[in-house]
Structure formats: structure tokens, C-alpha cells
Amino acid sequence: MAYKITDACISCGACAAECPVEAISEGDGKYEIDAEKCIDCGTCAETCPVEAPVAD
């Protein structure tokens, strides 16, 4: 089950920098996670200062 980024995202990029499989990219107004690439490791959720990434 891939993670997704909620509207709480502040577009800081912390999650994208830490993603080990480069599944996160800047989207329209917030960052987005490519569910096909996501390995469900949770690194994004641990790194995010506003807890925007959540398990889908």
C-alpha cells in the first residue's frame, strides 16, 4: 500500500529529498507520490514536518 500526500503539504521538499526510490515529485501546489514506485517504507512520513504523507 503506497503512501499519499495530503493537502497539509507545505511544499518544502523534505520528503522528496529523503525518498530512497525517488517516488516523490513536485506537483501542482503540493508534492505527489508515484504509487507505482513507492515501496511503503515510511521515510517520507518520518521526515515531513507537517505529517502530510499518510499510508493510503
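What you see is a predicted model, and the numbers here were worked out from it, not measured in a lab. (Residues numbered from 1 in each chain as written. Predicted model: local features only at pLDDT ≥ 70, side-chain atom pairs only at ≥ 80, totals over all residues. Heavy atoms only, no water.)

Q: Any chance you could explain the pattern of salt bridges here in plain terms?
A: The full count for this structure, using the stated rule, is two salt bridges. Ionic pairing is found between K4 and D56, a salt bridge with its closest N-O pair at 3.8 Å. Linking K4 in strand β1 (residues 3-5) with D56 in the segment after β4 (53-55), this pair joins segments that are 52 residues apart in sequence. As a salt-bridge pair, D7 and K30 come within 3.2 Å of each other at their nearest N and O atoms. One end of the pair, D7, is in the loop between β1 and α1 (14-18); the other, K30, is in the loop between β2 (24-26) and β3 (31-33), and 23 residues separate them in sequence. (Salt bridge = Lys/Arg side-chain N within 4 Å of Asp/Glu carboxyl O. Helix = DSSP H or I, 4+ residues; strand = E, 2+ residues; numbered from the N terminus.)

Q: How should I be thinking about the nonpolar core in this particular structure?
A: A general feature of soluble globular proteins is that nonpolar side chains tend to end up buried together. Counting residues in each nonpolar core, the largest one holds 14 residues, and the members touching the most others are I5, C15, I24, Y31, I33 and C44. Non-local contacts of I24, meaning those with residues more than four positions away in its chain, are made with I5, C15, A16, C19, Y31, E32, I33 and C44. (Core = buried A, V, L, I, M, F, W, Y, C linked by side-chain atoms within 4.5 Å. Buried < 20%, exposed > 50% of the residue type's maximum accessible area, 1.4 Å probe, protein only. Contact = heavy atoms within 4.5 Å.)

Q: What should I look at first to understand the environment of A23 in this one?
A: Here A23 is to be found in the loop between α1 and β2. Taking the C-alpha atoms as reference, A23 lies 12 Å from P53; in sequence the two are 30 residues apart. Not counting the four nearest positions on each side in its chain, A23 is found in contact with E32, I33, D34, K37 and C38.

Q: Is there a simple way to think about the state of the cysteines in this case?
A: Every disulfide links exactly two cysteines, by a covalent bond between their sulfur atoms. Overall, the coordinates contain zero disulfides when judged by the stated rule. With no disulfide of its own, C15 lies closest to C9 among cysteine sulfurs, the gap being 6.1 Å. Note on C41: no disulfide assigned, nearest cysteine sulfur contributed by C19 at a separation of 6.1 Å. (Disulfide = S-S within 2.5 Å.)

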